[in-house]
Amino acid sequence: MKFLAKLAFAAAALAAGSASAQTYPNKPITMIVPFAAGGPTDVIARIVGENMSRTLGQQIVIENVAGAGGTTGTTRASTSANDGYTVMMGHMGTHGAAPALYPNLKYDPTKDFEPIGLAAGTPILIVAKKNFPAADLKAFVEYVKANGDKVNQAHAGVGSVSHSTGILLTSQIGTKTTQVPYTGTGPALNDLISGQVDILTDQIVNVAEQIRAGTIRAYAIATPARSPALPDIPTTKEAGLPGYEVSAWNAMFAAKGTSKDIVAKLNEALVKALDDETTKKRLLDLGAVLPSGEERTSAWLGTFVAKEVERWNPVLKASK
Ligand code: MLT
């Protein structure tokens with residue numbers, strides 16, 4: 001009797017689950033961006049979110065939950081209801097670097113999420129305020145090495161992309177700068193433009209327009225090849241710092257236990273957004289690298305996150 005009751009309960013739960021997946025979404029979806037508005041994570045979330053909203057027939061509302069290098073918003077996303085109505089835009093920091101830098105991190109990027117899909121690859125650029133006293137990357141390296149803590153280096157909080165890629169840069173140069181944390185590289189970039197901070201390593205989507213407008217100075221892009229969005233900017237290899245090659249990424253996640261059908265609907269909508277000509281153009285103009293076929297699946301993202309956590313752990317521990 002007890003067994004039959006349990007069976008009936010399980011069947012009812014399953015039916016309710018698939019019914020809710022069928023009608024999903026029937027109200028707006030919140031997408032947590034764990035950084036300030038206007039930065040790279042926010043920009044990518046808004047660009048893909050806008051198109052996904054049209055496909056899903058419900059608005060995707062962006063909620064910026066900034067703090068602690070993105071880990072505050074990511075913790076919130078990991079503990080939110082797993083009904084598909086709260087998702088998040090994470091990145092290489094929140095789901096790759098953070099575990100190495102936060103011994104008491106309240107989430108496990110590999111266990112507490114359902115991966116939805118990769119939204120974009122984002123090459124890293126070494127940039128500085130417009131009148132930074134170095135004409136090229138070699139001079140930049142010499143200046144930063146000679147001036148150490150007199151150089152103010154902006155970042156989006158411990159564990160963020162700008163922080164971990166910034167640590168990599170200064171450890172490779174063999175110096176320590178003064179670290180200036182922000183709630184995202186949106187506000188950090190504003191202070192770089194006004195000259196209140198000196199240098200930044202940032203995702204291309206945040207800096208491409210300012211580099212083109214000449215309001216900040218770019219020394220190199222840390223990828224093996226130049227970006228079609230910024231063809232005049234040399235690679236770190238070309239400019240004399242070949243060991244500094246690093247790229248970041250942004251991806252969507254839902255809380256663990258979100259039904260497979262809902263994750264599949266969200267993945268389909270994301271992939272459709274990446275194939276949409278207008279959305280694609282907006283991302284490519286900002287220098288984003290669009291994921292290829294197999295990189296677009298949820299399963300691929302799950303495996304990738306596990307590899308990223310493994311990759312960053314020894315690198316960041318050694319840099320510290
Ligand atoms: C980072 O450095 O992690 C990002 O640029 C954060 C952001 O999206 O602002």
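Caption draft 1: Region of the structure containing the packing of aromatic side chains. Per the counting criterion, the structure on display carries nine aromatic pairs. With a centroid separation of 5.0 Å and 75 degrees between ring planes, the pair formed by Phe132 and Tyr143 is classed as edge-to-face. Of this pair, Phe132 sits in the loop between strand E4 (113-129) and helix H5 (137-147) while Tyr143 sits in helix H5, and the two are 11 residues apart along the sequence. We classify Tyr143 as partly exposed; its relative accessible area is 28%. A ring pair is formed by Phe132 and Tyr219, whose centres lie 6.5 Å apart and whose planes are at 75 degrees; its orientation type is edge-to-face. Of this pair, Phe132 sits in the loop between E4 and H5 while Tyr219 sits in strand E8 (residues 216-221), and the two are 87 residues apart along the sequence. The exposure class assigned to Phe132 is buried, which follows from its relative accessible area of 2%. Classification of Tyr219 as buried rests on a relative accessible area of 4%. Of the aromatic side chains, those joined through ring pairs into one cluster are Phe132, Phe140, Tyr143 and Tyr219.

Caption draft 2: Geometry of the site of the ligand. For the ligand, the set of nearby residues contains 13 residues, the closest of which are Thr41, His91, Val161, Ser162 and Thr185. Between an oxygen atom of the ligand and a side-chain N or O atom of His91, the distance comes to 2.7 Å. Gln203 places a polar side-chain atom, nitrogen or oxygen, 3.3 Å from an oxygen atom of the ligand. Compared with its free state, where it exposes 270 Å², the ligand has 100% of that area covered by protein. Breaking the shell around the ligand down by element, the ones donating at least two residues are helix H2 (40-56), helix H6 (161-173) and strand E7 (199-203). Classifying every residue of the shell around the ligand by side-chain character gives four nonpolar, eight polar and one charged. For the shell around the ligand, the domains that each give at least three residues are domain 1 (2-121 + 249-319) and domain 2 (123-247).

About the cut-offs
The numbers attached to residues start from 1 for each chain and follow its sequence in the written order. Reporting in this predicted model follows two pLDDT cut-offs: at least 70 for local features of residues, and 80 or more for side-chain atom pairs to be given and counted; totals over whole chains, interfaces and linings ignore these cut-offs and use all residues. Heavy atoms throughout the structure, all of them, feed into the side-chain values; hydrogens and water do not. When two rings of Phe, Tyr or Trp (its six-membered ring) have centres within 6.5 Å they constitute a pair, described as stacked for plane angles under 30 degrees, edge-to-face for angles over 60, and tilted for the intermediate range. Helix and strand assignments come from DSSP, with helices taken as H or I runs of at least 4 residues and strands as E runs of at least 2, each series counted from the N terminus. Exposure classes here rest on a 1.4 Å probe applied to the protein chains alone. A residue is buried below 20% of its type maximum, exposed above 50%, and partly exposed in between. We call a residue near a molecule or strand as soon as one heavy atom of that residue lies within 4 Å of the molecule or strand. Nitrogen and oxygen atoms within 3.5 Å of one another constitute a polar contact, given that in protein one can donate a hydrogen and the other can accept it, and given that sequence-neighbouring residues count only through two side-chain atoms. Residue exposure ignores everything except the shown protein chains as possible cover, and the areas themselves are Shrake-Rupley values with a 1.4 Å probe. Basically, the charged four are Asp, Glu, Lys and Arg, the nonpolar ten are Ala, Val, Leu, Ile, Met, Phe, Trp, Tyr, Cys and Pro, and anything else, Gly included, counts as polar. Segmentation into domains, and thus their bounds, comes from an automatic or database assignment.

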